[in-house]
Amino acid sequence: MKERSLQQQCSIELYQWQKQEPLGSDSKGVNCLAYDEAIMAQQDRIQQEIAQVEKQTSVADLLASFNDQSTSDYLVVYLRLLTSGYLQRQSKFFEHFIEGGRTVKEFCQQEVEPMCKKSDHIHIIALAQALSVSNQVEYMDHGEGGTTNPHTFPEGSELKVYLLYRPGHYNILYK
């Protein structure tokens, strides 16, 4: 079987995301259709960024593109909306992990969708599931020996992305 390009795979995932049954507004006020539409409206821009990566553009050009504030913010907003939509779509599962008596919708409005908010464990799990991308997070704790505690999502999967978590912040690790 021929391996799909990154752009083809993302197009398929976005198509599948769009074809999911929209929840509409339910009794808790969740409107996932709005998230689906916002995500799909950004598809062309995301496809452009993916195409640039697939062209095997130089590392310097990629860094320049991704360090451009407008591109970076655009990608972050896209990922935040994708995470929020997934959390709300799967609210029955995730509601048990929300602290402070908030609904999943309230959590998303307060902690997931706004820019400059810190991401946490629940964000990474939801985003990894939404994109079907396995990852390993190396958690730095303040214990002795300077070691990290690895956590794989989902367990037993072939890892695609490695992240380093320092309290309040995630960084990509390159292996």
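Preceding block: the structure.
Throughout what follows, the structure given in this document is the object of discussion. If you're wondering where the values come from, they're calculated on a predicted model, not measured in any experiment. (Residues numbered from 1 in each chain as written. Predicted model: local features only at pLDDT ≥ 70, side-chain atom pairs only at ≥ 80, totals over all residues. Heavy atoms only, no water.)

**Describing the sheet that holds strand 1 (residues 135–140)**
The strands that make up a sheet are held in pairs by hydrogen bonds between backbone atoms, and each pair lies either parallel or antiparallel. What counts is decided by this rule: Criterion used throughout: strands pair if DSSP finds at least two bridges between them. By the criteria applied, helices consist of DSSP H or I runs no shorter than four residues and strands consist of E runs no shorter than two, each listed in order from the N terminus. For every element, the axis is a line fit to its C-alpha atoms; helices are fit only across the contacting stretch, and the angle between N-to-C directions ranges from 0 to 180 degrees.
With mixed pairing, the four strands of this open sheet are ordered in space as 2-1-3-4. The sheet terminates laterally at strand 2 (148–153) and strand 4 (169–173), the two strands that pair on one side only. Looking at each pair of strands side by side, their axes are set apart by 25 degrees on average, direction ignored. Relative to strand 3 (residues 161–166), strand 1 is paired through five bridges, and the arrangement is parallel. Residue pairing across strands places V137 opposite L163, the latter belonging to strand 3.

**Topic: the environment of S65**
The line we're drawing: In this description, contact between two residues means that some pair of their heavy atoms is separated by no more than 4.5 Å.
Within the secondary structure, S65 is located in helix 4 (residues 59–67). A sequence separation of 16 residues divides S65 from E49, and the C-alpha atoms of the two residues are 8.6 Å apart. Beyond its immediate sequence surroundings of up to four residues, S65 is in contact with E49, Q52 and T71.

**Considering helix 5 (residues 69–89)**
An α-helical segment advances 3.6 residues per turn. Residues three or four places apart therefore align on the same side. Test applied: Under the convention used throughout, the expected extent of a helix is 1.5 Å for every residue step, that is, one less than its residue count. Whether a residue is buried, partly exposed or exposed follows from its accessible area with a 1.4 Å probe, protein chains only, as a fraction of its type maximum: under 20%, in between, or over 50%, in that order.
For helix 5, spanning 21 residues, the distance from its first C-alpha to its last is 30 Å, which sits close to the expected 30 Å at 1.5 Å a residue. Every buried residue of helix 5 is accounted for by T71, Y78, R80, L81, L82, T83, S84, G85, Y86, L87, Q88 and R89.

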